[in-house]
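What follows is each chain in one-letter form.
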Amino acid sequence: QVQLVESGGGLVQAGGSLRLSCAASGSIFSIAAMGWYRQAPGKQHELVARISSGGITNYADSVKGRFTIARDNAENTVYLQMNSLKPEDTAVHYCNAVYRADSYWGQGTQVTVSS
């Protein structure tokens, strides 16, 4: 079983930065992929960024060039550096991990960007 704990959310002004962290714990040998998803009120759950154990990354078009995802495989931790934040980035952000064909989710961390 994988437990995911997120941190780093908060309130920032437009143009500011935040760094989200997600640490996985439990009986873990290797996590295939980790990433961040978000959901804003009235909008669908969407992928923000994802990284595989091999370092292959995917980003939502809306965050390319602004966000960077990184992973520490040894520590089973994923980070999301968010720069040039926009009000439309406001959402609850959820960490995700894929382990042994199962998908695990964190409790979520709120990111709020004011104009």
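Scroll up to find the structure.
In this text, all values refer to a predicted model and were calculated from it rather than measured experimentally. (Residues numbered from 1 in each chain as written. Predicted model: local features only at pLDDT ≥ 70, side-chain atom pairs only at ≥ 80, totals over all residues. Heavy atoms only, no water.)

### Re the state of the cysteines
Think of a disulfide as a covalent bridge from one cysteine sulfur atom to another cysteine sulfur atom. Applied cut-off: Pairs of cysteine sulfur atoms within 2.5 Å are what we label disulfides. A run of H or I in DSSP becomes a helix once it reaches four residues, and a run of E becomes a strand once it reaches two; helices and strands are each numbered from the N terminus.
This model, assessed by the stated rule, comprises one disulfide. Between the sulfur of Cys22 and that of Cys95 lies a disulfide, 2.0 Å long from S to S. Looking along the S-S bond of the Cys22-Cys95 disulfide, the torsion reads about -85°, which is the left-handed sense. Taken together, the residues Cys22 in strand S3 (residues 18-26) and Cys95 in strand S9 (residues 91-99) connect sequence positions 73 residues apart.

### What about the nonpolar core?
This is how it is decided: Here, nonpolar core refers to any group of buried Ala, Val, Leu, Ile, Met, Phe, Trp, Tyr and Cys residues whose side-chain atoms link them within 4.5 Å. For each residue, the accessible area found with a 1.4 Å probe, counting protein chains only, is set against the maximum for its type, and the residue is called buried under 20%, exposed over 50%, and partly exposed in between. By definition in these notes, contact holds between two residues if any of their heavy atoms fall within 4.5 Å.
Grouped together as the largest cluster of nonpolar side chains are 27 residues, with contacts concentrated most on Leu4, Met34, Trp36, Val78, Leu80 and Met82. Elements with a contribution of two residues or more to this core: strand S1 (2-7), S3, strand S4 (33-39), strand S5 (46-52), strand S7 (67-72), strand S8 (77-82), S9 and strand S11 (109-114). Residue contributions to this core peak at four residues, all from S3. Every residue in contact with Val78, bar those within four places of it in the chain, is listed here: Leu20, Ser21, Cys22, Met34, Trp36, Ile51, Ile69, Ala70, Arg71 and Cys95.

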